[in-house]
Structure formats: C-alpha cells, structure tokens
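Residue-level structure breakdown
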Amino acid sequence: MRYILLLLCALAPDLAAAQSALPEPLTCLLRPNRSSDIGADTGAIVSDVKVRRTNRVKQGDLLVQLDDRIARADLGKSLIIRDTTSAKLKRAEAVTAGRSISAEEVGTLRAEAAMAAADYQRAKLQLDRTQILAPFDGTIADVMTEAGQQTNSQPLVQLIDTQRLRAEMVFPAEAFGKVIAGDTLNLAVDLTGARVAASVATIDDYIDASSNSFTVVAEIDNSTGALPAGTSCRFDR
C-alpha cells in the first residue's frame, strides 16, 4: 500500500507537467456520452406517449406506443393459419405409412407449414415494432410527437445519457502531440464551481486546415448527475 501511494505521488507532478505544457483550449464543452434521436421505422398513428422531458428511463422502457390494432389482427390471423397447417401436416404424417397420401403431398404440406410459421414470426415482429423502447438508460431530452400524430421520418423522442460526459476540447495546432490518450486533465466547470478529472479518450490525428486546430475528447464520470451537459469548461490549473 505504501509503495502504491509513493508511486501515485511520484506520478502526480508528471501529470501536472503534462497539462501545464498544453495551452488553454480554444473551446471546451461538456456533452452527453450518448445521444439518440429515436423514431419509428414504420408509418403509423401515435397511440400514446409514455414519457415527458427530463424523465429518467431504463433500457427497454416503453417510450411511445403506436396504434397496434392492425398488427394484432394480422398476428391473430397468422396464428390461426400456422396452427391449422401444422395440424394438417401432423395428420398427413400419421397416415403416410398407410400410403393413403403420397410423400410429395406431405412435402408440400411441410413447406406450407414452414411458410405459415415464418409468417407468424413476421407478424410478431410487426407487432413489436409498434412499441418504441429506450435503447439505453438515460434522460428524455425532448419529445417531438403526441397522441394522434402520424409518424414519418422525423424523430419522436430524443434520449441522452449523462451518467458519463464527454469534454470536447479544441486546441490550436501547436498543442498537437502534447497530449496522449489516457492522460488526465483537470477541468473546472464555472457554472457549478465543480473541479473534475477527465480522462483523454480520443485525439484527432489530423489538423483542421480551416481553423488550424484539432479536437480532444476526454471522459468524465457524472454518475451523481452534478454536472449539466451543454455547459462550458476550462483548464483547472
């Protein structure tokens, strides 16, 4: 334990020196770790909207329910056809030994039963598509639909994950090569007065010619929810 503490103390000046060699970023913005504009992949009428802005949801939670009456009817129809063809095939197979039905006829019935089973699975998938579910844990950032509206190519709900934040920092070209993935950068968030440690995750491997700059993305643990996404940040020297 003592060795680990001594090692951390020895590394601390190096980390501070690495950050001191960097200029202040031109911009520094905290963004959600993930953001998704969630829509429907089929045209339908919105039956019910289950969430509101700022609601916390879990992966798999129902966000929007589409009108499912036609899908349910199609599922019921395909279930009847599947069960009927399956029963017909079983009867045919039972009497095949007596040669009252040909092997070719049994083969045709087997094909019909397989197609009926596939149609039933397809109908189940169509019914599932009437439920718009959360793809990950997060917060509802916006709701862009309401009951009675027709779905189209536009998103219905925006979901963001703020349990981890990404600090997107733009540096001038002269800072290129002075930061590497895994470096820890100390940042200050003036809006809340927070001081946080950010771990460098990605670094552009090119210089943007129009701005003579490059972007560094560092990750921040925000499991307490103390830091609001969308706020600016700066180096905490």
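Basis of the calculations
- Residues numbered from 1 in each chain as written.
- Predicted model: local features only at pLDDT ≥ 70, side-chain atom pairs only at ≥ 80, totals over all residues.
- Heavy atoms only, no water.
- Helix = DSSP H or I, 4+ residues; strand = E, 2+ residues; numbered from the N terminus.
- Rg over C-alpha atoms; globule rule 2.2 N^0.38 Å.
- Buried < 20%, exposed > 50% of the residue type's maximum accessible area, 1.4 Å probe, protein only.
- Contact = heavy atoms within 4.5 Å.
- Expected span 1.5 Å × (residues − 1).
- Pairing = 2+ DSSP bridges.
- Axes fitted to C-alpha atoms, helices over the stretch in contact; angles between N-to-C directions.
- Core = buried A, V, L, I, M, F, W, Y, C linked by side-chain atoms within 4.5 Å.
- Phe/Tyr/Trp six-rings, centres within 6.5 Å; stacked < 30°, edge-to-face > 60°.
- Lys NZ or Arg CZ within 6 Å of the ring centre and 35° of its normal.

What follows is about the overall build of the chain. Counting its regular elements, the chain contains three helices and 11 strands. Its C-alpha atoms give the chain a radius of gyration of 29 Å, more than 25% over the compact-globule value 18 Å for 237 residues. Projected onto its principal axes, the C-alpha positions of the chain cover 90 × 45 × 45 Å. Split into buried and exposed, the 237 residues of the chain put 31% on the buried side. Long-range contacts, defined here as pairs at least 24 residues apart, represent 73% of the contacts in the chain between residues at least 6 apart.

Let us look at helix H3 (residues 103–128). The terminal C-alpha atoms of H3, which comprises 26 residues, lie 38 Å apart, in line with the 38 Å expected from a rise of 1.5 Å per residue. Buried residues of H3: Val106, Leu109, Ala113, Ala116, Tyr120, Ala123 and Leu127, and no others. Buried residues along H3 sit against helix H2 (69–95) and strand S5 (131–133).

Here six bridges tie strand S8 (residues 184–189) to strand S9 (residues 194–203), and the two strands are oriented antiparallel to one another. Note on S9: the bridge partner recorded for Asn186 is Ala197. Count of turn residues in the S8/S9 antiparallel hairpin: four residues, of which Gly193 carries a positive phi of about 75 degrees. For S9 and strand S10 (residues 213–221), the ladder comprises four bridges, and the chain directions are antiparallel. By the bridge assignment, Ile203 is partnered in S10 with Val216.

A separate point is the sheet that holds strand S4 (residues 62–66). The strand order across the open sheet built from three strands is S2-S4-S5, with neighbouring strands paired in antiparallel fashion. Each end of this open sheet is capped by a strand with a single partner; those strands are strand S2 (46–49) and S5. Averaged over all pairs of adjacent strands, the angle between strand axes in this sheet comes to 20 degrees, irrespective of strand direction. Of the pairings in the sheet, the one linking S4 to S5 comprises three bridges and is antiparallel in character. Among the inter-strand pairings, Gln65 is bridged to a residue of S5, identified as Gln131.

Along its 27 residues, H2 runs 40 Å from first to last C-alpha, staying within 8% of the 39 Å computed at 1.5 Å per residue. Among the residues of H2, Ala71, Leu75, Ser78, Thr85, Leu89 and Ala92 are the ones counted as buried.

With that out of the way, let us pick up the nonpolar core. Membership of the largest hydrophobic core comes to 22 residues, with the highest contact counts inside it found for Leu30, Met169, Phe171, Leu187 and Ile220. The set of elements that each furnish at least two residues to this core consists of strand S1 (27–38), strand S7 (157–172), S8, S9 and S10. Among all residues touching Phe171, those that are not within four sequence positions of it are Leu22, Pro23, Glu24, Pro25, Leu26, Ser213, Phe214, Val216 and Phe235.

Next up on the list: the environment of Ala117. Residue placement: Ala117 occurs in helix H3. Among the residues examined, Ala117 registers a relative accessible area of 29% and is labelled partly exposed. Considered as a pair, Ala117 and Lys50 are 67 residues apart in the sequence and their alpha carbons are 33 Å apart.

Our focus in this paragraph is the packing of aromatic side chains. Overall, the coordinates contain three aromatic pairs when judged by the stated rule. Ring centres of Phe176 and Phe214 lie 5.1 Å apart, and the angle between their planes is 85 degrees; on these two criteria the pair is classed as edge-to-face. Note that Phe176 is positioned in the loop between S7 and S8 and Phe214 in strand S10, a separation of 38 residues in sequence. For Phe214, a relative accessible area of 1% puts it in the buried group. Through successive ring pairs, a cluster of aromatic residues spans Phe171, Phe176, Phe214 and Phe235. A cation sits over an aromatic face here: Arg34 above Phe136, 4.2 Å from the ring centre.

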